[in-house]
Amino acid sequence: MPAVEIRTNVYWIGVNDRTTDLFEGIWPIEEEGVSYNSYLLLDKKKVLIDLSKALKTDEFFSQIRDLTPIQELDYIVMNHLEPDHTGVLKTFLQINPKATILGTPKMKELLANFYGVTENFKVVEDGEILDIGSRKLQFFHTPFVHWPETMMTYDTSEKILFSCDGFGGYGALVGTIFDDECKNLRFYEQESLRYYVNIVAKFSKPTLNAIGKLGGIEVDVIAPSHGLIWRSNPGRIIELYKKWAEYASGPTEPGITLVYGSMYGNTERVMDVVAQGITSAGVDLQIFDAARTHVSYILPALWINWGVVIGAPTYEGALFPPVMDVLTHAAVKRILNKKTAMFGSYGWSGGALRNIKQIIEPIKWELEDSFEFNGSPTKEDLEHAREFGRAFAEKIKKGS
Ligand code: FEO
C-alpha cells in the first residue's frame, strides 16, 4: 500500500501482515491480520515515528523513498522497542547511520540489549518538546503501555497523538486507514478488544495512568501503530480503552462466559441445559469449547463478563487439560475478581473441582456453586443443571 497523507506533510507508512500466524508467537491473527503503522513527518527536520516488523522491508523503505531519500531523515522516534515496531532498524541504520534515535532512558538500555545499538541515541525527557520546523513534537513517557520503555509522541500543531501500541488493535487495514472511511468498524472494535486483553490488559493501571496523563491535551487524531487511525472520532477508541482498563479492578458487565470441555458428550449435554437456565434469567451468555477455541478468543469474554461458568470433566484425576489451559491463561493475564460456578462429569473419582479451586483462589474468583455427576447425566442431573444455571445467572444479574 502506498503512503497516505493524513495531514499536510504527515504521512502514514506501514505494512499489512496477513501471513504471520501467531502475533507474539501466541495469538492467532491468520484470519484477521494486523498492520504495523509508522509515520513520516516532512518538515525542516525529517522525522520517522516508529518503524516496522522485518516483514516487507522493501515495501516499507519504498514508501519512504517515494517521499524523501532515507539518508535525509534526521530523527527516528522510537516509541516502543518491541520488534513488531523495530525489526527493520538495523537495515535502516545501514542506509542512514547518522539519524538520531529518540526514546526514553529505558529505551536506551533495551536498544543496546536487543540490537546492540548504542550510537546516536538521545534520551527525551517526559514532556520534552522538539521543534522540527513548522511544528513541535512533545514526548510523553507512558511506561508499560506496553513495555517499560514505552512513550507516546504528540504533534502539537496538528494535535495528532502517535500512540504506538496504545489504542491499537488487530486487523489488517482493508482499503482505508481511517475510521470514517471504514465500513466495518465493529470488526476493528472487536479486534481492538481482543488485542487489548491479549497484549495490554495486564498493564491496565499504567494504561489508565497514561490516559489520565494525556487527558489535558487536545487530540484530533489518534494514530496508533496497529489498526485504524481515528480521525473522525478519536474519543471513541480512548473511551473503549478506558472502559476496558477500568474492568481490571472495577465492576465489569453482568454477563456470563461459559467455558467447557467434554470428552464423550456428557459434560456437553449438561452444558446445554445450564445454558438454558442462564438464558431463561435473561443474562447475556457466551459459550466456548475450550478444546476447539484458541484462548485468545476466550480471554476477552472473561475480561468483560463478571460471571464464569466452568464445565469440565475430571481427566485422569485432574481438571480436563484444555479447560485448565484457559484458566491458567486467565491467571497469567491477571483476570481477577470473578464470580464462578462449576459442573462436570467424573468416571470413578473427582479431581477437576480441586484443580479449579487451586487455580482460581489466587485470582480471587469466588466459587458460588458446583455440581459433579457420575458418568452420564440422569434426568435429575439435567433438571438440577437448569436450576443451577438459572440461579447463578440471577446472582450475576443482581450483582450479588
Ligand atoms: Fe506492537 Fe508491544 O508491540
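Above this text you will find the structure in question.
Rules of the game
- Residues numbered from 1 in each chain as written.
- Predicted model: local features only at pLDDT ≥ 70, side-chain atom pairs only at ≥ 80, totals over all residues.
- Heavy atoms only, no water.
- Buried < 20%, exposed > 50% of the residue type's maximum accessible area, 1.4 Å probe, protein only.
- Helix = DSSP H or I, 4+ residues; strand = E, 2+ residues; numbered from the N terminus.
- Arc of directions from axis to C-beta.
- Expected span 1.5 Å × (residues − 1).
- Contact = heavy atoms within 4.5 Å.
- Salt bridge = Lys/Arg side-chain N within 4 Å of Asp/Glu carboxyl O.
- Patch = residues over 30% accessible without salt bridge, like charges linked within 9 Å, V, L, I, M, F, W, Y side chains within 5 Å.
- Areas by Shrake-Rupley, 256 points an atom, 1.4 Å probe, with all protein chains shown as cover.
- Polar contact = N/O pair within 3.5 Å; in protein donor to acceptor, adjacent residues only side chain to side chain.

Peer 1: Before we move on, could you go through helix α1 (residues 57-65) and cite the residues and values that matter?
Peer 2: Among all positions of α1, only Thr57, Phe60, Phe61, Gln63 and Ile64 are buried. End-on, the buried residues of α1 take up no more than an arc of 150°, which puts them together on one face.

Peer 1: An account of helix α7 (residues 266-280) is requested, with residue identities and associated values reported.
Peer 2: With 15 residues, α7 extends 22 Å from end C-alpha to end C-alpha; this agrees with the ideal 21 Å at 1.5 Å per step. Of the positions making up α7, those classed as buried are Thr267, Val270, Met271, Val273, Val274, Ala275, Gly277 and Ile278. Check the buried side of α7 and you find it contacts β15 (253-260), β16 (285-289), β17 (305-311), β20 (339-346), β21 (366-374) and α11 (379-398). Of the residues one or two after α7, glycine 282 is the one with positive phi, at around 75°.

Peer 1: For the pattern of salt bridges, give the residues involved together with the corresponding values.
Peer 2: The full count for this structure, using the stated rule, is 23 salt bridges. A salt bridge links glutamate 72 to lysine 46; the shortest N-O distance between them is 2.7 Å. Of this pair, glutamate 72 sits in the loop between α1 and β7 (75-77) while lysine 46 sits in strand β6 (residues 46-49), and the two are 26 residues apart along the sequence. On the basis of relative accessibility, which here comes to 18%, the residue lysine 46 falls in the buried class. The network of salt bridges with shared partners includes Lys339, Glu366, Glu368 and Lys395.

Peer 1: Mind laying out a nonpolar patch on the surface, listing which residues take part and the relevant values?
Peer 2: The grouping of Met263, Tyr264 and Tyr315 at the surface amounts to a nonpolar patch, some 370 Å² of accessible area in total. Relative to the helices and strands, tyrosine 315 resides in strand β18 (residues 314-315). On the basis of relative accessible area, tyrosine 315 is assigned to the partly exposed category, the value being 31%.

Peer 1: I'd like a rundown of the side chain of histidine 226, residues and numbers included.
Peer 2: For histidine 226, the location among the structural elements is in the loop between β14 (221-224) and α6 (234-246). A polar side-chain atom of histidine 226 sits 2.9 Å from the main-chain carbonyl oxygen of serine 35. Side-chain polar atoms of histidine 226 contact the side chain of histidine 85, separated by 3.2 Å. Once residues lying within four places of it in the same chain are set aside, the contact partners of histidine 226 are Phe23, Val34, Ser35, Tyr36, Asn37, Asp84, His85, Cys164, Asp165, Gly168, Gly169 and Tyr195.

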